Amino acid sequence: MKKWLFLLFLLPAAAFGADSSVVGDIHITTTRVDPAVVARKFPLKTGDTFTPQAYEDAQNKLHDMRLFKKLDFDTHTENGRTDISISAEDGYYFFPLAFFSSGDKDVFFMSLFEGNFFKKGETAFALGGVSSDGYTFSGGVSIEDNFFNVSFTKLDTEQRFYGDYWSSMYGVMNVADDEEEYGDPLYKWDMRDYDFKLTYARTFGDFSAFISPEFKHTSYSAEVDAGNHNQLSAGLSYRKRVRTSSGMGAWFGFGLSDKQQMLRNMPAPRYAYGADASFTKGGDWSGADYDITKLSLNFLWQMELKQHHVLSLQVKGQNAYGSPFSDQILSTDLLGGQGKYRRLIRGSRGAGVTASFLFYILRGNTGLLALRPFYELAYVYTGGAYRDHSGAGATLSYKFWRVPFPLGINYTRNLSDHSDIVSFVLGGQF
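Residues numbered from 1 in each chain as written. Predicted model: local features only at pLDDT ≥ 70, side-chain atom pairs only at ≥ 80, totals over all residues. Heavy atoms only, no water.

Novice: Just checking my understanding: could you explain the overall build of the protein for this structure?
Specialist: In terms of regular secondary structure, the protein is built from five helices and 24 strands. Reported as C-alpha extents along the three principal axes, the dimensions of the protein are approximately 85 × 60 × 45 Å. Within the protein, the fraction of its 430 residues that count as buried is 44%. Within the protein, residue pairs in contact and separated by at least 24 positions form 58% of the contacts whose partners lie at least 6 positions apart. With the model as given, the accessible surface of the protein reaches about 21,600 Å², and the carbon-plus-sulfur share is 59%. Side chains of the protein carry 43 positive and 48 negative charges; the gap between the two charge centres is 7 Å. (Helix = DSSP H or I, 4+ residues; strand = E, 2+ residues; numbered from the N terminus. Buried < 20%, exposed > 50% of the residue type's maximum accessible area, 1.4 Å probe, protein only. Contact = heavy atoms within 4.5 Å. Areas by Shrake-Rupley, 256 points an atom, 1.4 Å probe, with all protein chains shown as cover. Lys, Arg positive; Asp, Glu negative; His and termini not counted. Charge placed at Lys NZ, Arg CZ, Asp CG, Glu CD.)

Right, here's the structure in full:
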């Protein structure tokens, strides 16, 4: 009996040992970037258990740096140790970009992007935009696992309020305008807002954390909540196998190291997950004239089919805990960003869900033609009840591999107020 028990425990251990190995030496060669930067980004380390799934995930981490023109991986297994060789072709770039966007309102935007000039795999940007609603400036740098950002926005606009708790969209980069679309508003407010924000974020593998002080002063033509709204936000996020979009280096071929993978069918579906939680607080200690409290949650699930079509489901929730008018929840913040809207609903708390399906009509060496139908729904508590803001539609777009954003057209039907928007799409996730 003891003999059989011994064999019962020995056989699984022998089977495990026959099919597994540990990571041995990792050899990395690059064109420009410091190999130590690549080694720190590569999750597998010497002594780790080597499995096909862990090896695939580690390769994708390097692809997601969006730094390389080409990445070659090779392994050699002997005596239970698997050595890994990585050959990376990279470079550096500076790229200016300007565009003029015309919709119900016009927006002019200018920017400058930098990548890997200092051989640390870093990316940096500076941008500015101006419209009839104000102007904004922002600059930031991402280096290894650290991200720094500073931004300033001035809004000088009119907010319009309608029946059923609808109000106008606003923002420097917003090109949709409700004026003369829904009849005369019940009332109008002139709003002026100055917003200065600093953000620091750090990544820890699949997790990241951020902290962001914000100095904000708002005034209205009506007696609402004029004054300082200074606040501090902090949050955590988790991402597992969520693909990143190509950066501005795509103009020069950088960030396309996984292009051939996207042109081939996968052996099995790929699942991705994401979650975010953030907390915002302001009060006397921050120099705010009001007590501000806000909690935000976000969950994402994706299934990437063998043909790379992607089914996405996103759920969001926010609670402002009685914060003043300027810090209330916006229905558009609870939606997934697929639709375009002229109006929104604001309130003290709410939740939203978005479902979309990214279908690739064509996949070729030049680019990707895709159709993304979507449905999104948010409920916001205001006026003693929950009010819905829902929309459905689709985006038809084409993304050249050497262009970092898709170009296309979006149709959105606001199912709650029965309005439609057809708009040109420049940018977004793909």
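Novice: Where do I start with the packing of aromatic side chains in this structure?
Specialist: Under the criterion given, the structure shown has 28 aromatic pairs. Judged by centre distance (5.2 Å) and plane angle (45°), the rings of Phe-50 and Tyr-55 are tilted. Cluster of aromatic residues (ring-pair linked, three or more members): Tyr-93, Phe-95, Trp-251, Phe-252, Phe-254 and Phe-405. Against the face of Tyr-162 rests Arg-343, its NZ or CZ located 4.9 Å from the ring centre. The residue whose ring lies beneath Arg-343 is Tyr-182, and the NZ or CZ to ring-centre distance is 3.7 Å. (Phe/Tyr/Trp six-rings, centres within 6.5 Å; stacked < 30°, edge-to-face > 60°. Lys NZ or Arg CZ within 6 Å of the ring centre and 35° of its normal.)

Novice: How should the nonpolar core be read in this particular structure?
Specialist: Grouped burial of nonpolar side chains is what soluble globular proteins tend to show. Membership of the largest hydrophobic core comes to 19 residues, with the highest contact counts inside it found for Phe-42, Leu-44, Leu-62, Phe-68, Ile-84 and Ile-86. For Leu-44, the contacting residues outside a window of four places in its chain are Val-23, Ile-26, Thr-49, Phe-50, Ala-54, Tyr-55, Ala-58 and Ile-84. Residues Ile-329, Leu-334, Tyr-341 and Val-380 belong to the second largest nonpolar core, which totals 11 residues. (Core = buried A, V, L, I, M, F, W, Y, C linked by side-chain atoms within 4.5 Å.)

Novice: When you look at the sheet that holds strand E3 (residues 68–78) in this model, what are you seeing that I'm missing?
Specialist: Paired through backbone hydrogen bonds, the strands of a sheet run either parallel or antiparallel to each other. Spatially, four strands are ordered E2-E1-E4-E3 in an open sheet, and the strand pairing comes out mixed. This sheet does not close on itself; its edge strands, each paired only once, are strand E2 (49–50) and E3. Packing against the sheet, helix H3 (residues 52–63) makes contact with E2, E3 and strand E4 (81–90), and its axis sits at approximately 155° to E3. (Pairing = 2+ DSSP bridges. Axes fitted to C-alpha atoms, helices over the stretch in contact; angles between N-to-C directions.)

Novice: What am I meant to see in H3 here?
Specialist: Along an α-helix, residues three or four apart share an orientation, since each turn contains 3.6 residues. Helix length check: H3 (12 residues) gives 17 Å between terminal C-alpha atoms against 16 Å at 1.5 Å per residue, within 8%. For H3, the complete set of buried residues consists of Tyr-55, Asp-57, Ala-58, Gln-59, Asn-60, Leu-62 and His-63. (Expected span 1.5 Å × (residues − 1).)

Novice: Whenever I open this one, a nonpolar patch on the surface confuses me. Can you help?
Specialist: On the surface, Phe-359, Ile-361, Leu-362, Leu-371, Leu-396, Ile-409, Tyr-411 and Val-422 cluster together into a nonpolar patch covering about 700 Å² of accessible area. Mapped onto the nonpolar patch, the elements with two or more residues apiece are strand E20 (349–363) and strand E23 (407–414). Of the residues forming the nonpolar patch, the biggest block, three residues, is contributed by E20. Structurally, Leu-396 can be placed in strand E22 (residues 385–400). (Patch = residues over 30% accessible without salt bridge, like charges linked within 9 Å, V, L, I, M, F, W, Y side chains within 5 Å. Salt bridge = Lys/Arg side-chain N within 4 Å of Asp/Glu carboxyl O.)

Novice: What is the right way to look at the side chain of Ser-312 in this model?
Specialist: Mapping Ser-312 onto the fold places it in strand E17 (residues 310–319). Ignoring anything within four residues of it in the chain, the contact list for Ser-312 reads Trp-301, Gln-302, Thr-354, Ala-355 and Ser-356.

Novice: Looking at this model, I keep getting lost on the pairing of E23. Mind explaining?
Specialist: Side chains on a regular strand alternate between the two faces of the sheet. Judged by which residues are buried, E23 turns out to be one-sided: Gly-408, Asn-410, Thr-412 and Asn-414 face inward and are buried, whereas Leu-407, Ile-409, Tyr-411 and Arg-413, on the alternate face, are not. Bridge analysis of E22 against E23 gives eight bridges, and the strand direction is antiparallel. Paired with Leu-396 across the bridge in E23 is Ile-409. The antiparallel hairpin formed by E22 and E23 contains six residues in its connecting segment.

Novice: Whenever I open this one, the pairing of E4 confuses me. Can you help?
Specialist: On E4, burial follows the alternation: Thr-82, Ile-84, Ile-86, Ala-88 and Asp-90 on one face are buried, whereas Arg-81, Asp-83, Ser-85, Ser-87 and Glu-89 on the facing-out side are not. Summarising the sheet, strand E1 (residues 21–29) and E4 pair through six bridges and their orientation is parallel. Across the sheet, Ile-26 pairs through a bridge with Ile-84, a residue of E4. Note: E3 against E4, 10 bridges, orientation antiparallel. From the neighbouring strand, Leu-71 faces E4, where its bridge partner is Ala-88. Where E3 folds back onto E4 in an antiparallel hairpin, the turn is made up of two residues, including Asn-79, whose phi is positive at roughly 55°.

Interpretation in functional terms is not warranted from these geometric data alone.
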